[in-house]
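Structural features, examined
Chain by chain, the residues:
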Amino acid sequence: MTEHSLAPRRDLGQNFVADPNTVRRIAKLACVGTSDQVVEIGAGLGSLTLALADTGAAVTALEIDKGVVPVLREIVADRPNVEVIEGDAMRIDWDSTLDPNHRWVLVANLPYNVATPLVCDLLDEVPQVRRILVMVQREVAERFAAPVRTKGYGAVSVKAAYWGSARIVGLVPATVFIPRPNVESALVEITRHDPMPDHLAAADPEQLFTLVKTAFGQRRKMLRKSLSGLVQAEQFEEADVVSTDRPEELDVNAWVRLAAIVHD
């Protein structure tokens, strides 16, 4: 950064990893090699990019910062298995960027301010990304992996459980970042169901997540209150869902049953 007169941009949520052991650890946890296609979002100055390239995987490194992109290209210039793309992950055309005929693995240190919506969008809209390993704020990672009936369980927990299985695979201290954040980070892995189980495929995802988001938007209310107008009393009974429950008491299977009946 000093050599190129760069400074981390707060508006982009930039916290660069400055510890080689951490990026090697992430690359190892990613379990990728020469036969894998990897996409990295927010490649920054390439510390994780280089670690991923060392595995032999083909790496597509996406970076939004126009000031950083030329430096990143210079850093990976001798790595033929790395392609750098300048673009915004929240707006990019993923089908033209990531060949839908290939299976992709996302490995990234995501900016805290976009991590949750970005991962949710990828789960909903980019099925060619079959596995996700991202470093995010610990609280965010815990929400993705939270089991039913726990404090962290919410709409993103249901979304992750619908599309796959989520688990926290490691913690990352604030000391490895420049600048140093005020929170602890964690590595969360989400692996898509392959194939989607029949009992989950019974629901329309849009209908499912509309119900889930509406209910968790009023999570202290009973379902018969928060979902009034969307779900009839007899539909709760038909789905074997207790209408006086609150949303955190329903696992993904219960949400799917309810959404499938409402959709019909």
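Here the structure is a predicted model, which is why all the values come from computation and not from measurement.

1. Thoughts on unusual backbone geometry
- Put simply, I178 and P179 share a cis peptide bond, and its omega is -10 degrees.
- You can see P179 is positioned in the loop between β8 (177-178) and β9 (185-192).
- Looking along the chain, the bond that leaves D194 and enters P195 is cis, with omega of 0 degrees.
- Tracing the backbone shows P195 in the loop between β9 and α8 (198-201).
- Residue C31 is not a glycine yet carries a positive backbone phi of 55 degrees.
- Take C31: it is sitting in the loop between α1 (20-30) and β2 (37-41).
- The backbone of R149 shows a phi angle near 65 degrees, a positive value even though the residue is not glycine.
- You can see R149 is positioned in the loop between α6 (138-145) and α7 (155-163).
- According to the relative accessible area criterion, R149 is exposed, its value standing at 59%.

2. Looking at the layout of surface pockets
- Roughly 580 Å³ of volume is contained in the largest pocket.
- If you go around the largest pocket, you meet 35 residues; those closest to its centre are G42, G44, E63, N109 and P111.
- Of all elements in the fold, only β1 (16-17), β2, α2 (47-53), β3 (58-63) and β8 reach the threshold of two or more residues within the lining of the largest pocket.
- Residue composition of the lining of the largest pocket, grouped by class: 21 nonpolar, 10 polar and 4 charged.
- Each pocket or cavity is described by its volume, and for the second largest pocket that value is around 160 Å³.
- If you go around the second largest pocket, the residues you meet are P8, R9, R10, G13, Q14, N15, Y112, N113 and P179.
- A per-class count over the lining of the second largest pocket returns 3 nonpolar, 4 polar and 2 charged.

What counts and what doesn't
- Residues numbered from 1 in each chain as written.
- Predicted model: local features only at pLDDT ≥ 70, side-chain atom pairs only at ≥ 80, totals over all residues.
- Heavy atoms only, no water.
- Helix = DSSP H or I, 4+ residues; strand = E, 2+ residues; numbered from the N terminus.
- Buried < 20%, exposed > 50% of the residue type's maximum accessible area, 1.4 Å probe, protein only.
- 1 Å grid on protein atoms, 1.4 Å probe; cavity = no way out; pocket = protein on both sides within 12 Å on 5 of 7 lines; lining within 4 Å.
- Points joined across faces, edges and corners; volume = space filled by probe spheres on them.
- Nonpolar A, V, L, I, M, F, W, Y, C, P; charged D, E, K, R; others polar.

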